Amino acid sequence: MYDTILGSPGFRKGMDLYFKRHDGCAVTCDDFLAAMADANGVDLSQFGRWYSTSGTPVITYSSTFDKGLYQLSLSQNSRSDEPL
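Report follows, based on the coordinates.

Conventions and cut-offs
Residues numbered from 1 in each chain as written. Predicted model: local features only at pLDDT ≥ 70, side-chain atom pairs only at ≥ 80, totals over all residues. Heavy atoms only, no water. Helix = DSSP H or I, 4+ residues; strand = E, 2+ residues; numbered from the N terminus. Rg over C-alpha atoms; globule rule 2.2 N^0.38 Å. Buried < 20%, exposed > 50% of the residue type's maximum accessible area, 1.4 Å probe, protein only. Contact = heavy atoms within 4.5 Å. Areas by Shrake-Rupley, 256 points an atom, 1.4 Å probe, with all protein chains shown as cover. Lys, Arg positive; Asp, Glu negative; His and termini not counted. Charge placed at Lys NZ, Arg CZ, Asp CG, Glu CD. Core = buried A, V, L, I, M, F, W, Y, C linked by side-chain atoms within 4.5 Å. Disulfide = S-S within 2.5 Å.

1. As for the overall build of the protein
And then number 1: Within the protein, the secondary structure is distributed over three helices and two strands.
And then number 2: Along the protein, from the amino end to the carboxyl end, the secondary structure elements read α-α-α-β-β.
And then number 3: For 84 residues, the compact-globule formula gives about 12 Å, and the C-alpha radius of gyration of the protein, at 18 Å, lies well above that figure.
And then number 4: If you line up the protein on its principal axes, its C-alpha atoms span 55 × 30 × 20 Å.
And then number 5: Counting across all 84 residues of the protein, residues that qualify as buried make up 23%.
And then number 6: Long-range pairs, those at least 24 residues apart, make up 35% of the contacts in the protein between residues at least 6 apart in sequence.
And then number 7: Summing over all exposed atoms, the protein offers an accessible surface of approximately 6500 Å²; the carbon and sulfur share of this is 54%.
And then number 8: Both charge centroids of the protein, one from 7 positive and one from 10 negative side chains, sit 5 Å from each other.

2. Considerations on the nonpolar core
And then number 1: Within the largest apolar cluster, 13 residues are counted, with the highest numbers of intra-cluster contacts made by Tyr-2, Phe-32, Leu-33, Met-36, Leu-44 and Phe-47.
And then number 2: Contributions of two or more residues to this core are made by helix H1 (2-22) and helix H2 (29-40).
And then number 3: Broken down by element, this core gets its largest block of residues, six residues, from H2.
And then number 4: Leu-33 has contacts with Tyr-2, Leu-44, Phe-47, Gly-48 and Tyr-51, leaving out every residue within four places of it along the chain.

3. Section: the state of the cysteines
And then number 1: Under the definition given, this model contains zero disulfides.
And then number 2: Residue Cys-25 stays outside any disulfide, its sulfur separated by 16 Å from that of Cys-29, the closest cysteine.
And then number 3: Cys-25 gets classed as partly exposed once you look at its relative accessible area, which sits at 49%.

Shown next, in the form of structure tokens:
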């Protein structure tokens, strides 16, 4: 996900900073997120919600094809009380 959002060069910058700060240390997901954000000058705080949401999201889909038109519908659900 980080590579998609930041691009490969941005992800590399984040990894370089992460290892510079934490090589050989015990770390948290927040440490990784902070390195990615700081290296790229972006706010990634929304990722904190993903880390703190319990359970695995379930993706469901349905599709139809009628008269040359293909329609795809997706939904995402979680057992969490918090919205994804």
